[in-house]
Amino acid sequence: MTATELRARALQCLTEPDPMAKVAAVYALSKASEQGACLPDPAAELTSAAQIPGRPERPELVPPLQVGRRAMNTPEGRAMLIHALAHIEFNAVNLALDAIWRFAGMPAAYYTDWLQVAREEAYHFSLLEEHLQRLGYGYGQFLAHDSLWEMVAKTSDDVLARMALVPRTLEARGLDANPPLRAKLAQAGDKDAAAILDIILRDEIGHVEIGNRWYGYLCRLRGLELIPAYAALAAQYKAPTPRGPFNLEARRQAGFTEEELQTLVSAGTRAAPADAK
């Protein structure tokens with residue numbers, strides 16, 4: 001039976017293991033929300049006995065260093081990169097759905113904001129999966145890692161930590177990584193993939209902005225200052241220190257302040273020598 005409350009339906013979408021069925025369910029939930037037929041109940045306390053997140057048996061998940069190199073001069077290498085991006089977007093669908101159902105007591109706009117994120121991430125996944133099919137592959141045929149979802153799981157106890165360390169940290173890294181990846185794909189002659197990355201960058205700026213906005217809301221609610229609170233959460237949850245180069249213009253569009261960007265660049269510069277491989 002399909003739930004009629006938005007957060008409960010988001011949980012049903014989250015536990016769906018089939019990627020394309022999950023995409024279809026997210027689209028249906030978004031449409032119902034837009035029509036006013038599925039409203040959030042911020043006070044609802046939800047639980048689930050199902051596996052979270054729902055995911056297919058493949059791809060096999062391995063540590064990041066075991067995923068393998070993605071050489072742009074071979075069709076398989078390019079497919080491996082597209083597959084890695086599709087896996088990120090699949091996880092991003094799940095993290096948006098998890099942000100909806102897990103955290104009670106937020107304003108109604110919080111839940112509809114994250115439903116917008118889920119819908120757009122589902123669209124990104126669909127674009128990348130279709131492109132993989134055109135290349136002769138499909139989602140699940142290559143290895144993948146689970147770093148994004150690991151931070152989602154670690155921050156399941158606190159919505160402030162979730163907003164700080166998933167959209168503002170891990171997803172914001174996508175703003176930095178997108179332009180060089182796009183350039184590599186375009187140089188390899190894959191114009192369709194480059195166009196998909198243009199769409200993803202456009203939408204991801206909005207997703208990070210949503211994370212920034214709700215992080216700021218929660219900091220104000222708890223009487224915290226943005227930068228010291230972020231530093232404390234990053235240390236508590238052992239978040240990775242982002243390294244440059246940074247897409248500062250995209251980060252500005254996503255709502256980072258100049259003071260935050262200066263702190264980011266300074267921290268990234270200090271981390272670079274120690275983290276260099």
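Scoring rules and cut-offs
Residues numbered from 1 in each chain as written. Predicted model: local features only at pLDDT ≥ 70, side-chain atom pairs only at ≥ 80, totals over all residues. Heavy atoms only, no water. Axes fitted to C-alpha atoms, helices over the stretch in contact; angles between N-to-C directions. Helix = DSSP H or I, 4+ residues; strand = E, 2+ residues; numbered from the N terminus. Parallel < 35°, antiparallel > 145°, perpendicular 65-115°, else oblique. Left-handed = near helix turned anticlockwise from the far one by under 90°. Contact = heavy atoms within 4.5 Å. Nonpolar A, V, L, I, M, F, W, Y, C, P; charged D, E, K, R; others polar. Expected span 1.5 Å × (residues − 1). pLDDT = per-residue confidence, 0-100. Core = buried A, V, L, I, M, F, W, Y, C linked by side-chain atoms within 4.5 Å. Buried < 20%, exposed > 50% of the residue type's maximum accessible area, 1.4 Å probe, protein only. Phe/Tyr/Trp six-rings, centres within 6.5 Å; stacked < 30°, edge-to-face > 60°.

1. A word on the packing of helix α5 (residues 147-154) against helix α6 (residues 159-187)
Then, in step 1: With their axes 9 Å apart at the nearest point, α5 and α6 run at an angle of 165° to one another. Classified by the interaxial angle, the pair formed by α5 and α6 is roughly antiparallel. Crossing geometry of α5 relative to α6 is assigned as right-handed. The residues of α6 that touch α5, namely those facing Ser 147, Leu 148, Met 151 and Val 152, are Arg 162, Leu 165, Val 166 and Leu 170.
Then, in step 2: In terms of residue class, the contact of α5 with α6 is made up of six nonpolar, one polar and one charged.

2. Quick look at helix α4 (residues 108-134)
Then, in step 1: Over its 27 residues, α4 runs 40 Å from end to end, which matches the ideal 39 Å to within 8%, given 1.5 Å per residue.
Then, in step 2: Phi turns positive, to about 95°, at Gly 136, one or two residues after α4.

3. Some details on the confidence of the model for the chain
Parts of the model with low pLDDT should not have their predicted coordinates read in detail.
Then, in step 1: For the chain, per-residue confidence averages 93 on the pLDDT scale, and residues scoring 70 or more make up 96% of the total.
Then, in step 2: Scored below 50 in pLDDT, residues 272-277 makes three contacts in the model with residues more than four places away or belonging to other chains.

4. Some thoughts on the nonpolar core
Side chains that are nonpolar tend, in soluble globular proteins, to be buried together.
Then, in step 1: Counting 68 residues, the largest nonpolar core has Tyr 110, Trp 114, Met 163, Leu 165 and Tyr 215 as the members making the most contacts within it.
Then, in step 2: Elements that contribute at least two residues to this core include exactly α1 (6-15), α2 (19-34), α3 (75-102), α4, α5, α6, α7 (191-222) and α8 (226-236).
Then, in step 3: For this core, the leading source of residues is α3, giving 15 residues.
Then, in step 4: Setting aside residues no more than four positions away along its own chain, Tyr 110 makes contact with Ala 99, Phe 103, Val 159, Met 163 and Trp 214.
Then, in step 5: Ile 205, Val 208, Ala 254 and Leu 264 belong to the second largest nonpolar core, which has 10 residues in total.

5. A word on the packing of aromatic side chains
Then, in step 1: The final tally for this structure, using the stated rule, is seven aromatic pairs.
Then, in step 2: Ring centres 5.6 Å apart and planes at 45° place the aromatic pair Phe 90 and Tyr 139 in the tilted group. With Phe 90 in helix α3 and Tyr 139 in the loop between α4 and α5, this pair connects stretches of sequence that are 49 residues apart.
Then, in step 3: Accessibility expressed as a relative area gives 13% for Tyr 139, which makes it buried.
Then, in step 4: Aromatic side chains Tyr 110 and Trp 214 sit 5.6 Å apart centroid to centroid with 85° between the ring planes, which places their arrangement in the edge-to-face category. Here the residue Tyr 110 occupies a position in helix α4, and Trp 214 occupies one in helix α7, the gap between them amounting to 104 residues.
Then, in step 5: For Tyr 110, a relative accessible area of 0% puts it in the buried group.
Then, in step 6: Trp 214 gets classed as buried once you look at its relative accessible area, which sits at 7%.

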